[in-house]
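Here's the letter readout for the chains.
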Amino acid sequence: MKFNRSTNDVEFDFDGDMLIKGETDGSSYPNGGLRATHTAGGYLALDTSSPIFLRGDTVFIPSAFVSYYGAALDEKTPLLRSNAAVSKHGKRLMAHLGLDIGDRDVVSNIGLEQEFFLVPRDQYYRRPDLQMAGRTIIGKDAPRGQEMCDHYMAPPSLANPALACMQEMQDECWRIGIPLKTRHREVAPNQYEFAPLYGYNTTQVDQNIMVMQIIEEVAARHGLAALLQEKPFNDVNGSGKHNNWSLATEDGIMMLHPAKINKATGNPAAFAVIMSAIVAAVNEHGDLMRMSIASPGNDFRLGACEAPPAIVSTYLGDDMTFYLSHFKDGKGEGGYEPQTKTLDLGTHEVLPFDVPAEDRNRTSPFPYGGARFEFRAVGSSQNVSMVNTVLNTIVAEKFAEYSDRIDAGEDPLDIARQALNENWKVIFNGDNYDEAVQQELTDRGIWRIDSGVEAIATLTSQKNIDLFQKMKVLTAEECESRQHILHDHYTGTVEIEAKCLIDMINQHIIPSVKAAGIGPLSDLESAVGTLKQAVSEIHGAENSYKAAQLSRVLRLETMIDIRAVCDAAEEVVPANLWTLATYKELMFLDSHTAVTPESETNFYDE
């Protein structure tokens, strides 16, 4: 826009160059030392893999964001590099298996299942922790939780605003080209889920970020607050974002579909070779998979009966496991043909119908689900770029290794058999929630990192730096910067929670206890000093890693003990003196809210 000095008219001139490249202050974003105030340049460049879209009067242009020297300041650039790696080496391996796809790419497709909570907005305003930290730091359980199993997949209720809210969310998304295919209630009270159509990973990541924003914005228009944090409430399920990951050629040949890839290559063992590479990648780089899901909210979610434990195994199902077991032992080289079975319910009203041979294993971190793997441990609030960067990179490395060995004269079936024999321990089809099983898997030597802080620290292990550099996805400097950013983010999250807890104790809980003349007053007053001391020690830590370690102790030990004191106070203080919204007031839209119809409903034409 500019003014014509001769006519004083406003002239609009949108230069196409503005769509392609931009520049801004890179030092004001989390950058892990890659930028500083005196070296602040950050440069944006159009990402042609993800469509531009318009919302209101704003043009959203998916872009890469890098420093003056080309270092990635964003999540997108490493993902794009990993796409290049998995395409390059996927094409090499496919050619060795019998399919030369020429100039076409191998692409990574994903589908993201977005879970979230909706709570009454007036009660949300009575919870400083929900407003500032996204989760309840304290709160006595309501008399009812999810034990009746009556919320999951229940019919949408017209008696509360959730259904109309979700319908508007879908409409808002549709207007900018984001089709949300399904909507339904989830397990916990007030918990819901959307799932889109699957598609190319960069497009799906960009769209999911917009979906999360739209969920929050639309909820407010319906008198609700949307909670995207992984564990907003204690003792009920938290929220995830299941990352369904697959590989295919650009023209749609699905590499993880046994019949289709075997037919396209003319090689009955093609699927077995590809699966062996993925099994090896998961076993060798389970630490990186764990790192990629190390969000602060997942501290409270992994390992409960709602998300897989922090032990990275893969579920293949008995049918495929039997096939690969025979394949690795040289007992057969035929193609894998998934079986089906017929269920006959013994009624004439419901006819017999077919189901897959494999059951669903919701306890596995990385189960195979028919032409895709589902990374189930991903957190609901995450940008999943790092998750998919890791999946692409570890598999690309295996494809490259196989191709190099085949180029040197080895037989691909021998390579695949060796990989399966060496990495077989990572396949587990049982109950990952069983504590005895978890110990068994740990004893096998499968990657287990219970602490998110320690998982983040694996990003700069020499093994992982070498991997990312070899695949040209991240440099050593970029790995180090990301580790600092992730540790700082963890520490910052905990500090916000601790400060909220201090305010809530001082401004709400202690006054309520004093007004009631009952409750653990001295313990509450002591807790404030404990929290302040812990925050001070974190500020004095020598580096971001040490600060994050101290923060984890504060969050998962000290603050949990203090929560018990606060919840004991809530239990005895009369309701009319308790000023914070309770779980009972927050978690039950069906019984605590009502929709007032704007007009009478006409059930017939007058």
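Preceding this section is the structure that the text describes.
Residues numbered from 1 in each chain as written. Predicted model: local features only at pLDDT ≥ 70, side-chain atom pairs only at ≥ 80, totals over all residues. Heavy atoms only, no water.

(A) Summary view of the pattern of salt bridges. On inspection of all chains with the given rule, the structure shows 30 salt bridges. Residue Glu-585 pairs with Arg-126 through a salt bridge whose shortest N-O separation is 3.3 Å. Placement of the pair is Glu-585 in helix α19 (residues 583-586) and Arg-126 in the loop between α3 (121-124) and α4 (128-133), with a sequence separation of 459 residues. Accessibility expressed as a relative area gives 27% for Arg-126, which makes it partly exposed. A salt bridge links Arg-221 to Glu-172; the shortest N-O distance between them is 3.0 Å. One end of the pair, Arg-221, is in helix α6 (residues 201-221); the other, Glu-172, is in helix α5 (residues 162-175), and 49 residues separate them in sequence. Taking the relative accessible area as the measure of exposure, Arg-221 reaches 47% and is therefore partly exposed. For Glu-172, a relative accessible area of 18% gives the class buried. (Salt bridge = Lys/Arg side-chain N within 4 Å of Asp/Glu carboxyl O. Helix = DSSP H or I, 4+ residues; strand = E, 2+ residues; numbered from the N terminus. Buried < 20%, exposed > 50% of the residue type's maximum accessible area, 1.4 Å probe, protein only.)

(B) Focus on the packing of helix α10 (residues 317-328) against helix α12 (residues 412-423). For the pair α10 and α12, the least separation of the axes is 9 Å and the interaxial angle reads 115°. Of the two elements, α10 crosses α12, and the hand of that crossing is left-handed. The residues of α12 that touch α10, namely those facing Leu-324, Phe-327 and Lys-328, are Leu-413, Ala-416, Arg-417, Leu-420 and Asn-421. Taken together, the residues that form the contact of α10 with α12 break down as 5 nonpolar, 1 polar and 2 charged. (Axes fitted to C-alpha atoms, helices over the stretch in contact; angles between N-to-C directions. Left-handed = near helix turned anticlockwise from the far one by under 90°. Contact = heavy atoms within 4.5 Å. Nonpolar A, V, L, I, M, F, W, Y, C, P; charged D, E, K, R; others polar.)

(C) Looking closely at a nonpolar patch on the surface. Nonpolar side chains collect at one region of the surface, where Met-1, Phe-3, Val-10 and Phe-12 lie side by side and expose about 520 Å² of accessible area between them. Within the secondary structure, Phe-12 is located in the loop between β2 (10-11) and α1 (17-20). With relative accessibility at 67%, the residue Phe-12 sits in the exposed group. (Patch = residues over 30% accessible without salt bridge, like charges linked within 9 Å, V, L, I, M, F, W, Y side chains within 5 Å. Areas by Shrake-Rupley, 256 points an atom, 1.4 Å probe, with all protein chains shown as cover.)

(D) Looking closely at the side chain of Arg-290. Mapped onto the elements of the fold, Arg-290 is located in helix α9 (residues 286-292). Within the buried set, Arg-290 has no salt-bridge partner at all; the shortest N-O distance to an opposite charge, 5.5 Å, is to Asp-299. Among the polar contacts listed, one links the side chain of Arg-290 to the backbone oxygen of Ile-449, at a separation of 2.7 Å. In contact with Arg-290, not counting residues within four places along its chain, are Leu-302, Ala-310, Val-312, Ile-449, Asp-450, Ser-451, Gly-452 and Ala-455. (Lys, Arg positive; Asp, Glu negative; His and termini not counted. Polar contact = N/O pair within 3.5 Å; in protein donor to acceptor, adjacent residues only side chain to side chain.)

(E) Spotlight on the environment of Ala-515. Here Ala-515 is to be found in helix α16 (residues 476-516). Separated by 95 residues in the primary sequence, Ala-515 and Leu-420 have C-alpha atoms spaced 67 Å apart.

(F) Quick look at the packing of aromatic side chains. What the rule picks out here adds up to 16 aromatic pairs. On the basis of an interplanar angle of 35° and a centroid distance of 6.3 Å, the ring pair of Phe-116 and Tyr-192 is categorised as tilted. In this pair, Phe-116 is assigned in strand β8 (residues 106-120) and Tyr-192 in strand β10 (residues 191-196), connecting sequence segments 76 residues apart. Looking at Phe-116, the relative accessible area reads 0%, which means it is buried. We classify Tyr-192 as buried; its relative accessible area is 3%. Ring plane angle 35° and centroid distance 5.3 Å describe the contact between Tyr-323 and Tyr-336, whose orientation is recorded as tilted. Within this pair, whereas Tyr-323 is found in helix α10, its partner Tyr-336 is found in the loop between α10 and β15 (340-343), the two being separated by 13 residues in sequence. Among the residues examined, Tyr-323 registers a relative accessible area of 13% and is labelled buried. In textbook terms, an aromatic cluster arises when at least three aromatic residues are bridged by ring pairs, as seen for Phe-271, Tyr-323, Phe-327, Tyr-336, Phe-366, Tyr-368, Phe-373 and Phe-375. In this arrangement the basic side chain of Lys-328 is found over the ring face of Trp-424, its NZ or CZ atom lying 4.9 Å from the centre. Here the basic side chain of Arg-417 rests over the ring of Phe-327, its NZ or CZ set 5.0 Å away from the ring centre. (Phe/Tyr/Trp six-rings, centres within 6.5 Å; stacked < 30°, edge-to-face > 60°. Lys NZ or Arg CZ within 6 Å of the ring centre and 35° of its normal.)

None of this, on its own, says anything about what the molecule does.
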